[in-house]
Amino acid sequence: MRRFVVALLLVAMFGACSDDPGALPKVPDLKTRPATTTTDVDYSQVPLKGVSGHGPTTSIVLGPGQATVAGNVTGDDGAVPGATVQVERVVNGATATAMVQTAPDGSWSLPQILGGHYRVRAWRAPDLAQTAWSALFLGSTESKNVQLRVRTVGGLSVDASIAPDPPRLGQDANLVALVTQKVVDDQGVVRATPQVNVEVDLITSSGWRILSANPDTTNGNGEVSWTLRCRTTGHQPLAVTVGSETIPLTVSSCEDTTPDTTTTTSEVSLVP
């Protein structure tokens, strides 16, 4: 009986899906689905949101103009020929730059420039440099003379540090010296190159006692170290010899940190 009911239900379902009660249900033909089309969106008319802080930029120029800046470059030995003078016009943090070479008498000149705020510096590779800019204001038709001074910053250099600092009387201290060769490059930048595997001889006064090997040799970082003991308080000179050069070292004066153990006694009167 149950099988007969199920059969009747199946016939009713198939009959509802077709005009022909005995026919199987039709499967939709995928090929006959309506075609879809894609339309490209024109983004050319879509407004873009602006980015704050970025406006149009203006190139900074030196000229042409009616102003002139000129001067001389001197060093410890007088006029410096063949030096490079860098002239920058500064406008709102942006700059325009010109390079000028000094004549045999150390003079230089930059004519036909615009007025405004300027900064100037000079150097001569490999050993002479000006350590700070010279700033000036130039009127639109003004001629201004600027004297530039360079000093010797190249050559052998030794920087020292000691620990403890200051050193203490009668106690061991560690002295480290960094040996470098300083060179002024073509852009006026001072560069220091560590001197590796160089023999350094420490020279002391009677106020020091050297407790480690001397002379000693610099390591891969250009450093050499010694163990010292301070014998006398106050300033005790130190120097090193590297090759044919003797260079004094600057360290703190020795101090006596021994605590004061002096005791005081008070008299007690026994008289009633």
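Caption draft 1: Quick look at the side chain of Thr180. Tracing the chain through its elements places Thr180 in strand 12 (residues 172-184). According to the relative accessible area criterion, Thr180 is buried, its value standing at 5%. Ignoring anything within four residues of it in the chain, the contact list for Thr180 reads Gly155, Leu156, Ser157, Ala192, Thr193, Pro194 and Gln195.

Caption draft 2: The nonpolar core, seen in detail. One finds Val69, Val73, Val85, Val87, Trp108, Ile113 and Leu148 to be the most contacted residues of the largest nonpolar core, which totals 23 residues. Looking at this core, the elements that each hand over two or more residues are strand 1 (67-75), strand 3 (84-91), strand 4 (94-101), strand 5 (107-113), strand 6 (116-124), strand 8 (134-138) and strand 9 (143-149). Among all residues touching Leu148, those that are not within four sequence positions of it are Asn72, Val73, Thr74, Val85, Trp108, Val120, Arg121, Ala122, Gln130 and Ser134. The next biggest cluster of nonpolar side chains, apart from the first, holds 21 residues, and it includes Leu156, Leu175, Trp226 and Val240.

Caption draft 3: Looking closely at the pattern of salt bridges. Applying the stated criterion across every chain yields a total of 5 salt bridges. The salt bridge partner of Arg149 is Asp76, with a shortest N-O separation of 3.3 Å. One end of the pair, Arg149, is in strand 9; the other, Asp76, is in the loop between strand 1 and strand 2 (78-79), with 73 residues separating them in the sequence. By relative accessible area, Arg149 is classed as partly exposed at 49%.

Basis of the calculations
Residues numbered from 1 in each chain as written. Predicted model: local features only at pLDDT ≥ 70, side-chain atom pairs only at ≥ 80, totals over all residues. Heavy atoms only, no water. Helix = DSSP H or I, 4+ residues; strand = E, 2+ residues; numbered from the N terminus. Buried < 20%, exposed > 50% of the residue type's maximum accessible area, 1.4 Å probe, protein only. Contact = heavy atoms within 4.5 Å. Core = buried A, V, L, I, M, F, W, Y, C linked by side-chain atoms within 4.5 Å. Salt bridge = Lys/Arg side-chain N within 4 Å of Asp/Glu carboxyl O.

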